[in-house]
Amino acid sequence: MEKRQELYAGKAKSVYTTDAADRLVLEFRDDTSAFDGKRKQALERKGMVNNVFNAFIMERLEDAGIPTHFDKRLSATESLVKKMDMIPVECVVRNVAAGGLVKRLGVEEGTALNPPTFELFLKDDERGDPMINESLAETFGWATPEQLTRMKALTFKVNHVLKQLFAEGHLLLVDYKLEFGIHEGQVILGDEFSPDGCRLWDADTREKLDKDRFRQGLGGVIEAYEEVGRRIGITFPEA
Ligand code: CDP
């Protein structure tokens, strides 16, 4: 698989075309950003850790029957993915209250959410990824009702699979964000699943082991990501 030109560079990943028209290379960089890009820092080993983490999770999801864009890991920091048309809508499921929900609704952080909540946000950094709903998505053509139904079902199926997987590592999957796209007419999971896009707490101490360590300046960010990985059976390559 030959990597060709850079298509675009996001906040933490770069995307390259390849010699295959329907495949792209994702490069996971060390760059880390929060607050819609207002806080930025390169964290050593992060590209490798998230690439290896994401590959492991995407394979588990595929095994569980969830279609994803993931094809295979190519190197420490690169993976091959199926080319898709991205749907500009982020799907968030919450099992426990944290982050934006606590800020918006004044719910106490750590409150169990039964049933888990499902929220939609528009992918739009300039506007701070505003919350939207199915009606807005349909009216403005961001996603069809059929696509939204499928995205919601897949997002909850991911919850079922990953809550269990993380629980086996004595971790609580607090919340997470997923992005989807269309490949050969089907809605499939895109982007990445790593501690950059979810919240994971130690099941007993509730210690934060995800990107909130970066957002809140707690330090030990990559060490926490690696700890999470080790607990669910990931072996990271040596530096
Ligand atoms: O954390 P923040 O206040 O930005 O938003 P949230 O709605 O509480 O986020 C819910 C979950 O989605 C968290 O696990 C975030 O890390 C993740 N998220 C993300 O990965 N990217 C975004 N643009 C927004 C949320």
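The notes below deal with the structure included here. (Residues numbered from 1 in each chain as written. Predicted model: local features only at pLDDT ≥ 70, side-chain atom pairs only at ≥ 80, totals over all residues. Heavy atoms only, no water.)

## A word on the site of the ligand
Then step 1. Lining the immediate environment of the ligand, one finds 15 residues, of which Arg 94, Gly 100, Asp 175, Arg 199 and Arg 215 sit closest.
Then step 2. In isolation the ligand offers 500 Å² of accessible surface; the protein chains occlude 80% of this area.
Then step 3. Of the residues that constitute the shell around the ligand, the class distribution is four nonpolar, three polar and eight charged. (Near = heavy atom within 4 Å. Areas by Shrake-Rupley, 256 points an atom, 1.4 Å probe, with all protein chains shown as cover. Nonpolar A, V, L, I, M, F, W, Y, C, P; charged D, E, K, R; others polar.)

## Structural notes on the sheet that holds strand S1 (residues 3–9)
Then step 1. Taken together, the five strands give an open sheet; going across it, the order is S1-S2-S3-S7-S6, and neighbouring strands pair in antiparallel fashion. With one partner strand each, in any of the chains shown, S1 and strand S6 (70–73) form the two edges of the open sheet. Ignoring strand direction, the axes of neighbouring strands in this sheet form an average angle of 30°.
Then step 2. Inspection of the sheet shows S1 paired to strand S2 (residues 13–18) by four bridges, in the antiparallel sense. Opposite Ala 9, over in S2, you have Ser 14 as the bridge partner.
Then step 3. Against the sheet, helix H1 (residues 46–63) engages strand S3 (23–28), S6 and strand S7 (78–82), with an angle of about 130° to S6. (Pairing = 2+ DSSP bridges. Helix = DSSP H or I, 4+ residues; strand = E, 2+ residues; numbered from the N terminus. Axes fitted to C-alpha atoms, helices over the stretch in contact; angles between N-to-C directions. Contact = heavy atoms within 4.5 Å.)

## Structural notes on unusual backbone geometry
Then step 1. Omega for the bond connecting Asn 114 with Pro 115 falls within 30 degrees of zero, at -5°, which places this linkage in the cis form.
Then step 2. Tracing the backbone shows Pro 115 in strand S9 (residues 112–122).
Then step 3. For Arg 206, which is not glycine, the phi torsion reads 65° and is therefore positive.
Then step 4. Along the chain, Arg 206 turns up in the loop between strand S13 (198–202) and helix H5 (212–215).

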